[in-house]
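Report on the structure
In case you want the letters, here they are:
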Amino acid sequence: MGFLSFRGGVHPPHFKEATTRLKVEKAKEPAVVTIPLQQHIGAPCEPIVNVGDQVKVGQKIGETSAFVSTPVHSSVSGTVKQIARMLTPTGEAVCIVIESDGLNTVHENVIPKGDISNLSGKEILSIIKEAGIVGMGGAAFPTHVKLSPPPEKKIEEIILNGAECEPYLTADHRLMLENPDDIIYGLKAMMKVLNVTKAYIGIEDNKPDAIESMKKAVEKETGIQIVGLHTKYPQGAEKQLIYACTKKEVPSGGLPMDVGVVVNNVGTAAAIANAIKTGMPLIERIATITGKGIKEPKNLLIKVGTSFKEIIEQCDGYNGNPGKVIMGGPMMGLAQYTDEIPAIKGTSGILVLTQEEARLPEPKPCIRCGKCVEICPAFIQPLYISAYALQNMHETAEKYNALDCIECGSCSFICPSKRPLLQSIRVSKREIIAKKRKTK
Ligand code: SF4
Ligand code: SF4
């Protein structure tokens, strides 16, 4: 097989050995869950339960009428103890705290929804929305929105992202080995919603067993192709994945739908299959708990709302004093101030670095080596954008296409002077976007 790729990118060490061969284990039942009403991009939900209410597994506890949002559901049965603003992995949000009764009584609405062969595309879309499904790769964008392009944007292909290019993470890898049929079922459901007949599943070549597993799963299918990709970061980023699989280039400032493509994660496809087959909304997910700062790394099936602290304790706790706790991988993950925060739908992993690993080197002046420009997969000039960002010259940074930055962190990784490139570009992007919103 010839492996495909994109222009630019870097080769960080994989660090996947600790968990790549470990089967997914079901995490211990949490005694209490803290479920944020904002776990995704878009509008937050409003609580539809009150303190003192009894709730069941899969019961809707938060909803909104906003299009770019999804409902949230309880992952346990028990009593609502508190509704208040709390710290979550993505900032502060209103959370619903539920004390489990340990019975896991399933809500009456959680019933199988039928089969994709006799459900219409519209019905499948409504199941996806009601099940609160979001992108499981970490970005957590509401899936029903991605599957509802405006009529003028004709979608021709779906790409499932099985690249898992972030170092350390192995949750998608294990899913492709342990549950390939649900991935295909969910993909076919999405194909029906978008009325497309062609799909690709892109997988990096450092996961040959996953490539084999998925190839076997599509043996009897038509229109679904498994694409082996070169192992290179950020192979799983949308624009890079689209280019590798189809050679289509998403224009600057454009979206995948502009070239007739929708990209979703393999975990999202499996969540869709589960919602259709069992009626269970998105209340749990696979996450990789790993890093030298963890005594016994694992791939765990965790319930949304379980605290990081409790999850880490199930991995035998910290290896010494932790240096940094990150939700996700080291390149695009979010550093956390505390482990007293709940796992959310986008928690693809919890990475703990030792104090030595977490120590940031002192940045030195730029030596104009050009390496950051050479590897930038968005074909922008990180050194200049960063320099303007650091001087608060955000308008100039915008002229240098700062908004095209996909925040992959490759430039920071490659920079020999250890400049804070991504961090400064991120600040500039936020400023530019905020200004645009204000002008509107
Ligand atoms: S500028 Fe943005 S897109 Fe380019 S390498 Fe840096 S983080 Fe990635
Ligand atoms: S990689 Fe670092 S040192 Fe080299 S040009 Fe870019 S910012 Fe400057």
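Note that the coordinates shown come from a computational prediction; the quantities given were computed from them, not determined experimentally.

Notes on the UniProt feature "binding site: [4Fe-4S] cluster 2" (unreviewed entry) in the protein chain
- Here the UniProt feature "binding site: [4Fe-4S] cluster 2" (unreviewed entry) sits at Cys376, Cys405, Cys408 and Cys411. Across 36 residues in sequence, these annotated residues keep their C-alpha atoms within 10.5 Å of one another, forming a single compact spot.
- Within the secondary structure layout, cysteine 376 lies in the loop between helix H10 (371–375) and helix H11 (382–390).
- With respect to the element layout, cysteine 405 can be found in the loop between helix H12 (394–399) and helix H13 (410–414).
- What makes cysteine 405 buried here is its relative accessible area of 12%.
- Those residues within four positions of cysteine 405 in sequence are excluded, and the remaining contacts are Ile380, Ile425 and Lys429.

As for the packing of helix H4 (residues 180–194) against helix H7 (residues 266–278)
- Relative orientation of the contacting elements H4 and H7 amounts to 85°, with a least axis distance of 7 Å. Judged by the angle between their axes, H4 and H7 are roughly perpendicular. Packed against H4, whose contacting residues are Asp182, Ile183, Tyr185, Gly186, Leu187, Ala189 and Met190, the element H7 presents Val266, Ala269, Ala270, Ile272, Ala273, Ile276 and Lys277 at the interface.

Regarding the sheet that holds strand S12 (residues 261–265)
- Across the sheet, which stays open at both edges, the 4 strands sit in the order S11-S10-S9-S12 with parallel pairing between neighbours. Lying at the two open borders of the sheet, with one neighbouring strand each, are strand S11 (224–229) and S12. Averaged over all adjacent pairs, the angle separating strand axes in this sheet is 25°, with direction ignored.
- In this sheet, S11 lies alongside strand S10 (residues 198–204) in parallel orientation, the contact comprising 6 bridges. Following the sheet pairing, isoleucine 201 is matched in S11 by isoleucine 226.
- Contacting strand S9 (157–161), S10, S11 and S12, H4 runs over the sheet at an angle of about 150° to S9.
- Helix H6 (residues 238–246) rests against S9, S10, S11 and S12 of the sheet, and its axis sits at about 115° to S9.

Calculation rules
- Residues numbered from 1 in each chain as written.
- Chains lettered and ligands numbered in written order.
- Predicted model: local features only at pLDDT ≥ 70, side-chain atom pairs only at ≥ 80, totals over all residues.
- Heavy atoms only, no water.
- UniProt positions renumbered as here; feature names shortened; annotations may be inferred.
- Helix = DSSP H or I, 4+ residues; strand = E, 2+ residues; numbered from the N terminus.
- Buried < 20%, exposed > 50% of the residue type's maximum accessible area, 1.4 Å probe, protein only.
- Contact = heavy atoms within 4.5 Å.
- Axes fitted to C-alpha atoms, helices over the stretch in contact; angles between N-to-C directions.
- Parallel < 35°, antiparallel > 145°, perpendicular 65-115°, else oblique.
- Pairing = 2+ DSSP bridges.

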